[in-house]
Amino acid sequence: MLKNKKVATLTLGCKVNQYETDGMVELLEKEGAIIVPFEEYADVYLINTCSVTNMADKKSRQMIHRAKRNNPNAVVVACGCYVQAKADELKADNTIDILISNNKKKDVALIISEYLRKTECNSFADISKEYDSFVDISREYEYERINITKTNNHTRAYVKIQDGCNQFCSYCIIPYVRGRIRSRSEQDIISEINDLASNGVKEVVLTGIHISSYGKDKENGVYLKELIESISKIESIERIRLGSLEPGIITEDFVDSISANKKVCPHFHLSLQSGCDTVLKRMNRRYTSGEYLEKCDMLRKAYDRPALTTDVIVGFPGETDEEFNETLEFLTRLNLYEMHIFKYSPREGTVAAKMPNQISPDVKNSRSDTLIELSENNKRRYEESFVGEELLVLVEEIIEKDNKLFLKGHTERYIDVLIPAEGYRKPEEYINRIISVVYKG
């Protein structure tokens, strides 16, 4: 039923969502669907939603309704974390024809095909209810097999290695919409990366909802450290980049292992959320600021200027001026490469949403502005420390800027680099190659 049907997709949120959209696209293409840009007229619109913040919820709703405006007669399909969190509400939304929860994305082609078959035969049924009862996803214990063999960016590919989270931070809805930790088999991961490598991919980014927990639900003893070692044996994969890590995984043994592996990029995103211990405790984060600092010191001892990045939430319930200033002082001393600053957003069903002393938007905005300025200054100083040095850049594309052509790529530390194309006779031949350049900032 999907043959020659135009399907437009849109992904909101994290890299896991992007990976899963790519996987669903491959499944739809196998059934003959023609994938078109979301802005175009299509027969089917597939929106992979996000629910990490209130703004993400709002954006998800907007995109669902935009799809219907693009073509009022189109089949609108919504999936992802917003759908999982708000299924009962969305079932009453006449804009949406099909809802698919987070444990059913692998069935996307079957669900849409069956819907089309029944509607075209005038035997309409509520396929979303028929195929997906939105069972409690926390009871899912098997990893949902969905995979990719290609990527739009032929140089770098995100590879999902696990799903779910067992942490239950007090502010976070994700364990409720993604379920418990479920690790993908090592064999399946290696097979997918081999396929990607055969299609020219040079760098893989290991991603998931909580990749630090990889393997902890299995009994074969293959954890993240062992998985990295197995991936590094794939000859044509030249770089392995790690997604967001919990501080607890950074041990002397882990750091010794990855620092000895020359394919692992010295770029580590260690989730922090606050630099104040009392706030960390209310967040149900399982470390102190002192322990976080020790983890950063381990990495800085093992690597030359590793790119350390983090997430920080401002305006958590009850965060006093003194607690915020403690975070500010800690982050100033920590001197990370880059910080992603989020204003606390209450998520219905979480512990923090019921906490007293919710912070006003004005205070959140002010604190966010302060930390964004600090992050921008840190980023500038960090990148300036490499000026005049030879850096290895994986060239990803050719872009035009100020009426000039540039080779665009990233270093191992994920520093964005533009290289004037005029110095290369056939610049297009350098795409997907790692080249050495003198960094000029």
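Coordinates for the structure precede this section.
Conventions and cut-offs
- Residues numbered from 1 in each chain as written.
- Predicted model: local features only at pLDDT ≥ 70, side-chain atom pairs only at ≥ 80, totals over all residues.
- Heavy atoms only, no water.
- Pairing = 2+ DSSP bridges.
- Helix = DSSP H or I, 4+ residues; strand = E, 2+ residues; numbered from the N terminus.
- Axes fitted to C-alpha atoms, helices over the stretch in contact; angles between N-to-C directions.
- Parallel < 35°, antiparallel > 145°, perpendicular 65-115°, else oblique.
- Left-handed = near helix turned anticlockwise from the far one by under 90°.
- Contact = heavy atoms within 4.5 Å.
- Nonpolar A, V, L, I, M, F, W, Y, C, P; charged D, E, K, R; others polar.
- Expected span 1.5 Å × (residues − 1).
- Buried < 20%, exposed > 50% of the residue type's maximum accessible area, 1.4 Å probe, protein only.
- Right-handed = clockwise from strand over helix to strand, strands pointing away.
- Patch = residues over 30% accessible without salt bridge, like charges linked within 9 Å, V, L, I, M, F, W, Y side chains within 5 Å.
- Areas by Shrake-Rupley, 256 points an atom, 1.4 Å probe, with all protein chains shown as cover.
- Salt bridge = Lys/Arg side-chain N within 4 Å of Asp/Glu carboxyl O.
- Lys, Arg positive; Asp, Glu negative; His and termini not counted.
- Charge placed at Lys NZ, Arg CZ, Asp CG, Glu CD.
- Arc of directions from axis to C-beta.

Participant: Mind showing me how you'd approach the sheet that holds strand 10 (residues 267-269) here?
Facilitator: Strand pairing in a sheet is mediated by backbone hydrogen bonds. Such pairs are either parallel or antiparallel. Strand order in the open sheet formed by three strands is 10-11-12, and the pairing between neighbours is parallel. In this open sheet, the two edge strands, each paired with only one partner strand, are strand 10 and strand 12 (338-343). Within this sheet the neighbouring strands show an average axis-to-axis angle of 15°, counted without direction. Note: strand 11 (residues 307-314) against strand 12, six bridges, orientation parallel.

Participant: Looking at this model, I keep getting lost on the packing of helix 10 (residues 252-259) against helix 12 (residues 289-302). Mind explaining?
Facilitator: Any two packed helices are characterised by the angle at which their axes cross and by the distance between the axes. The interhelical angle for the contact between helix 10 and helix 12, taken along N-to-C directions, is 30°, at an axis separation of 10 Å. Compared by their axis directions, helix 10 and helix 12 come out roughly parallel. The handedness of the crossing between helix 10 and helix 12 is right-handed. Across the interface between the two elements, Glu252, Val255 and Ser259 from helix 10 touch Met298, Leu299 and Ala302 from helix 12. Residues that form the contact of helix 10 with helix 12 fall into these classes: four nonpolar, one polar and one charged.

Participant: Would you mind going over helix 12 with me for this structure?
Facilitator: For an α-helix, 3.6 residues make a turn, and residues three or four places apart therefore share a direction. Taking 1.5 Å as the rise per residue, helix 12 with 14 residues should run 20 Å; its terminal C-alpha atoms sit 20 Å apart, in good agreement. Looking only at helix 12, the buried set comprises Ser289, Tyr292, Lys295, Cys296, Met298 and Leu299. Along its buried surface, helix 12 packs onto helix 10, strand 10, helix 11 (277-283), strand 11 and helix 13 (321-334).

Participant: Explain the sheet that holds strand 1 (residues 6-11) here, please?
Facilitator: An order of 2-1-3-4-5 is seen for the five strands of this open sheet, with the pairing classed as parallel. At either end of the open sheet lies a strand with only one pairing partner, and these are strand 2 (34-36) and strand 5 (98-100). With direction set aside, neighbouring strand axes in the sheet form an average angle of 25°. Contacts from helix 5 (residues 108-120) reach strand 3 (44-49), strand 4 (75-80) and strand 5 within the one sheet, and its direction differs from that of strand 5 by about 165°.

Participant: Please clarify how the pairing of strand 9 (residues 239-242) should be interpreted in this entry.
Facilitator: The two faces of a sheet get side chains in turn, since along a regular strand they alternate between them. Burial of the side chains of strand 9 extends over both faces: Arg239 and Arg241 are buried on one face and Ile240 and Leu242 on the other. Direction of pairing for strand 8 (residues 203-208) relative to strand 9: parallel, over a ladder of four bridges. Paired with Leu206 across the bridge in strand 9 is Leu242. Crossover connection from strand 8 via helix 9 (residues 224-232) to parallel strand 9: handedness right-handed.

Participant: I tried to follow a negative patch on the surface on my own but got confused; where do I start?
Facilitator: A cluster of acidic side chains, namely Asp277, Glu291, Glu294, Asp297, Glu326 and Glu329, defines a negative patch on the protein surface. Every element with two or more residues in the negative patch is listed here: helix 12 and helix 13. Broken down by element, the negative patch gets its largest block of residues, three residues, from helix 12. By the secondary structure assignment, Glu326 is in helix 13. Accessibility expressed as a relative area gives 36% for Glu326, which makes it partly exposed.

Participant: I would appreciate a short explanation of the environment of Ala33 in the present structure.
Facilitator: Inspection of the secondary structure puts Ala33 in the loop between helix 1 (15-30) and strand 2. Along the primary structure Ala33 and Val108 are separated by 75 residues, whereas in three dimensions their C-alpha atoms are 12 Å apart.

Participant: When you look at helix 13 in this model, what are you seeing that I'm missing?
Facilitator: In a regular helix each residue adds 1.5 Å, so 14 residues correspond to 20 Å; helix 13 covers 20 Å between its end C-alpha atoms and thus fits that length. Buried within helix 13 we find Glu323, Phe324, Thr327, Phe330, Leu331 and Leu334. Relative to the axis of helix 13, the buried residues are bounded by an arc of 125° and lie together on one face. Exposed and facing more than 90 degrees away from the buried side of helix 13 are Glu322, Glu329 and Arg333. Looking at the buried positions of helix 13, the neighbouring elements they touch are helix 11, helix 12, strand 11, strand 12 and helix 14 (361-384). Once helix 13 ends, the next one or two residues include Asn335, with phi positive near 55°.

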